[in-house]
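These are the residues of each chain, in order.
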Amino acid sequence: MLYREAGQFKVSYAADQQIFSIRQDRFAVLALVAIAFLVVPVVGNQYWLSAILIPFLIFSLAALGLNILTGYAGQLSLGTAAFMAVGAFASYNFMLRIPGMPVLLAFIGGGTVAALVGILFGLPSLRIRGFYLVVATLAAQFFILWFLTKVGWITNYSSSGVITAQQIVILGYAFTTPTAKYLLVLSIVTVMALAAKNMARGNVGRSWMAVRDMDVAAEVIGIRLMRAKLLAFAVSSFYCGVAGALFAYAYLGTVEPEAFNLDLSFRILFMVIIGGVGTVLGSFLGAAFVTLLPVLLSVTVRYLDSNLDLHIAESTISNLELMVFGGLIIFFLIVEPHGLARLWQIAKEKLRLWPFPH
Amino acid sequence: MSFFFEVLIGGLLSGVMYSLVALGFVLIYKASGVFNFAQGAMVFFAALTYVGLLEKGLPALLALPATLAVMVALALIIERIVLRPLVNQPQITLFMATIGLTFFIEGLAQMVWGANVRGLELGLQDEPIQWVTETSGMNVSKFDLVAAGVAAILVTLLALFFSRTRIGRALRAVADDHQAALAVGIPLQQIWAIVWGVAGAVALVAGLLWGARNGVQYALTFVALKALPVLILGGFDSIPGAIVGGLIVGASEKLAEVYLGPFVGGGIEGWFSYVLALLFLLVRPEGLFGEKRIDRV
Amino acid sequence: MRTVERKIGAAILELEHISLAFGGVKALTDISFDVREHEIRAIIGPNGAGKSSMLNVINGVYHPQQGTITYRGTERRDMDPHRTAAQGIARTFQNIALFKGMSVLDNIMTGRNLKMHATFIEQAIWIGRARREEIENRRKVEEVIDFLEIQHIRKTPVGRLPYGLQKRVELARALAAEPSMLLLDEPMAGMNVEEKQDMCRFVLDVNEQYGTTIVLIEHDMGVVMDISDRVVVLDYGRKIGDGNPDEVRNNQAVIDAYLGVAH
Ligand SMILES: Nc1ncnc2c1ncn2[C@@H]1O[C@H](COP(=O)(O)OP(=O)(O)OP(=O)(O)O)[C@@H](O)[C@H]1O
Ligand SMILES: [Mg+2]
């Protein structure tokens, strides 16, 4: 049948509080997850898996992390990439220095260290707000990268600060092929997205949003601002940290601190804005968009180039990319500040009424 | 000791250049409450346009007004296309819009003029002033001194503009209270257009000076990032604050690099001013010149 | 629903010699009064008299420079918002302070945050305590929703509601905490006659059915005289009258203040 909720009556609060309370949504999401796990690994080729899908999933996770902090708790951060770096380099050191360290535990450890660093740089948020906080997160961005570059111990004294991530081995199975890595990343991201959704719809999520929307009122109804904000920094940084670890272990393999520069932080912020501030779904849509757009752009430009003989330089494409991203950000902020996730919702509402407009 | 003063003076003079960039921020923030992250991109765009026009064979005397015209036009377009539709949005939204703007302008600038690093010759050498070196033994750059002078003149002009002209006074009214300004018939949008235009001009001056010093290149946009701690120290809406903040940032980061840097492996110029601003904020969240405010409920 | 017999008890909140200034502006000067259990206590006064500041002092948003506050036997220099909430004081604001990005239901659910103890990890996994608490508290919130007759807007984002309903949702959020004392800052301001009547009814019902002590700021004299047990009158940050509605109505200083007689 079509997209209808007629006849689906909620008989308990539990049913009403489900993540996807409309049956068709539930099916659609389950189907999507099933496809991602069962079909994509079979039909996806090497290039798609390792150059598009794996980074897409990792960026989704990072965007989710930033979305928890910025979208839910209302604390703008420009230091996302630095927290990813902490996760990556901490995981590396756990693996390097603890013999027999299980790699998943190392990722969790990396996330935890990132969370602690996040709390540290989140402390100023207790006294300052808005743009002032942006400076605190920029301080994190610059200071952390400098620190990672300068302290040789962290990179095991490699000459240029480049680390080579150890092989991922879980229960004796080595994740070497793109398909295996993809499945690993997909599993981690699915679990963490579910956890984020659960937090968002529960008391923690509401406390974050309350702090975001009106902090004095939040305080007056008993929410502890300090705890809510620092928790947001911790959870957000944990997500970013794990994303950073996956970035190093499942995507790049070898990585230097400079890979986590301010540009990456901006890129992830863009995913959040374009996808939808304060939605879990938006983090994925935004990451997909930002990952795919450059591919699409360069394919289109190259196509035009070869057909129309325009002699477009490679640098033109990257400049065009900057302009398109910049323009899109402005476009979304003006036209649809809630991003792709909201557009999706509107489309669904239309569909619910279709074909009878009333 | 004279080495200390040499570093200090060098730092103060380059601090003036930070102030110059910060000034562009303050102007716009005062008038429209927008924290314009794209100010750095505008600086870059200005410098690149000027150099580009020179390369096209335009004499400097023509290139300068032409660039000025381009900058003012750019500012007006931004005001019109980006800011006007976003009036009454939360400040953070506007801030993010200007981040988008930054990317757009950077892409545009490099698309039009190319991305290669270029020198910019203003006929000023970055060399020690002989007279100072002979009398005190300190090296003070001629370029820095002139740049500081230019910045000082610009600040004075702006201060006069704000306090003496009708537009300037209207602008102050707008900064104090948008609604009230509207109520007494001050044309808000006209004021914003003017302010963005002026900010464009300030960006041009900053772009020329910074471009001449560091070369005209993408890295110029990072200068804008340096203006952030300056603003934190001085306050977002204070012109004197921008000056004092710039001086503090310039001097302290040079001193830190020289005296602290060797112990930690150097390169601390990149973050020192941020951490300084952060520590400062923890002690005085309202900034140097700001008043302590308690939220009304 | 539990019904408490409406019997006014002893003073549970005592404010003594409270003074509060913002820079040079003296918002409150040496103010003392008390609030008795189960009563409806009104605070009135011209604009800028310091009424809202008074409420802000009571629940710890503002910290007075002088004076003491005694709540249920504990004397303090000032209150802090979290502790105040934990001790059962809830409030609404003069300028609606709802959480704009959330639905009506979520707004009201935040009112119960102090009753929910599951850690964020439990909530992330959504098992056991987290799940149970979510359902139990939802049940309580639905009671409040029924009580205030806002079932039909449960899932609406609060930003889309008209002003009068927003005020009602704010009251719902405060009530969800099951407070023993409720501070209401101009709950009826900007409402039409019908909405005012509804709001009056709700305030009285809360007071009667749950025995909630109410401190109410209101400009509408008719309402104040009708529903309150005792009234404090402030003017320019000073207390110029205190007593039952009749006493206050006949107090010369109060009449002067309202008629704008020069000081
Ligand atoms: N956060 C604050 N910062 C500075 N001044 C304040 C603040 N809050 C209140 N004031 C000042 O304190 C005085 C009392 O204000 P308050 O809001 O308590 O008055 P009110 O009696 O509630 O008035 P109204 O009927 O207009 O709501 C006013 O002069 C006001 O300007
Ligand atoms: Mg008031």
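This section reports on the structure supplied with the text. (Residues numbered from 1 in each chain as written. Chains lettered and ligands numbered in written order. Predicted model: local features only at pLDDT ≥ 70, side-chain atom pairs only at ≥ 80, totals over all residues. Heavy atoms only, no water.)

Attention now goes to the coordination of the magnesium ion (ligand 2). Residue and element names in this part refer to chain C. Around the magnesium ion (ligand 2), the protein contributes the donor atoms Ser52 (OG) and Gln94 (OE1), at 1.9 to 2.1 Å from the metal centre. Taken together, the residues span a long stretch of sequence, with Ser52 in helix α1 (residues 51-58) and Gln94 in the loop between β6 (89-92) and α3 (104-110) at a distance of 42 residues. Residue classification places Gln94 among the partly exposed positions, given a relative accessible area of 27%. (Donors = N, O, S within 2.8 Å, 3.2 Å for Na, K, Ca; no water. Helix = DSSP H or I, 4+ residues; strand = E, 2+ residues; numbered from the N terminus. Buried < 20%, exposed > 50% of the residue type's maximum accessible area, 1.4 Å probe, protein only.)

What follows covers the packing of aromatic side chains. One pass over the structure, following the stated rule, counts 33 aromatic pairs over all chains. A ring pair is formed by A:Phe266 and B:Phe103, whose centres lie 5.6 Å apart and whose planes are at 85°; its orientation type is edge-to-face. Taken together, the residues span two chains, with A:Phe266 in helix α11 (residues 262-275) and B:Phe103 in helix α4 (residues 91-113). Relative accessible area serves as the criterion here: at 6%, A:Phe266 is assigned to the buried category. Pairwise contacts between aromatic rings join A:Tyr132, A:Phe266, A:Phe270, A:Phe325, B:Phe25, B:Tyr29, B:Phe35, B:Phe37, B:Phe95, B:Phe103 and B:Phe236 into one cluster. The ring centre of C:Trp126 lies 3.8 Å from the NZ or CZ of A:Arg201, which sits over that ring. The ring of C:Phe99 has C:Arg173 lying over it, and the distance from NZ or CZ to the ring centre is 4.6 Å. (Phe/Tyr/Trp six-rings, centres within 6.5 Å; stacked < 30°, edge-to-face > 60°. Lys NZ or Arg CZ within 6 Å of the ring centre and 35° of its normal.)

Quick look at the pattern of salt bridges now. All names here are of chain C. Counted under the stated rule, the structure contains 29 salt bridges over all chains. Note that Glu142 and Arg154 form a salt bridge whose closest N and O atoms lie 2.9 Å from each other. With Glu142 in helix α5 (residues 128-147) and Arg154 in the loop between α5 and α6 (163-176), this pair connects stretches of sequence that are 12 residues apart. Looking at Glu142, the relative accessible area reads 4%, which means it is buried. Among the ionic pairs, Arg173 bridges to Glu170, the shortest N-O distance being 3.7 Å. Here Arg173 and its partner Glu170 are both found in helix α6, 3 residues apart, which amounts to about one turn of the helix. For Glu170, a relative accessible area of 1% translates into the label buried. A single salt-bridge network, built from bridges that share partners, covers Asp34, Glu39, Arg41, Arg230, Lys239 and Asp242. (Salt bridge = Lys/Arg side-chain N within 4 Å of Asp/Glu carboxyl O.)

Volume-wise, the second largest pocket comes out at about 1100 Å³. Lining the second largest pocket are 47 residues; nearest its centre among them are A:Phe142, A:Leu262, B:Ala219, B:Phe222 and B:Leu225. The element contributing the most residues to the lining of the second largest pocket is helix α10 (residues 220-234) of chain B, with 8 residues. In terms of residue class, the lining of the second largest pocket is built from 24 nonpolar, 12 polar and 11 charged. (1 Å grid on protein atoms, 1.4 Å probe; cavity = no way out; pocket = protein on both sides within 12 Å on 5 of 7 lines; lining within 4 Å. Points joined across faces, edges and corners; volume = space filled by probe spheres on them. Nonpolar A, V, L, I, M, F, W, Y, C, P; charged D, E, K, R; others polar.)

Next up on the list: the sheet that holds strand β1 (residues 11-22) of chain C. Residue and element names in this part refer to chain C. Read across the open sheet, the 4 strands follow the order β2-β1-β4-β5; overall the sheet is antiparallel. Edge positions in the sheet fall to β2 (25-36) and β5 (74-76), since each has one partner strand and no second. Strand-to-strand twist in this sheet, taken as the mean axis angle between neighbours without regard to direction, amounts to 15°. With 5 bridges joining them, β1 and strand β4 (residues 66-71) adopt antiparallel strand pairing. Each residue of the ladder has a partner; that of Leu15, found in β4, is Ile69. On top of the sheet, α1 reaches β1, β2 and β4; it is set at about 120° to β1, its chief contact. (Pairing = 2+ DSSP bridges. Axes fitted to C-alpha atoms, helices over the stretch in contact; angles between N-to-C directions. Contact = heavy atoms within 4.5 Å.)

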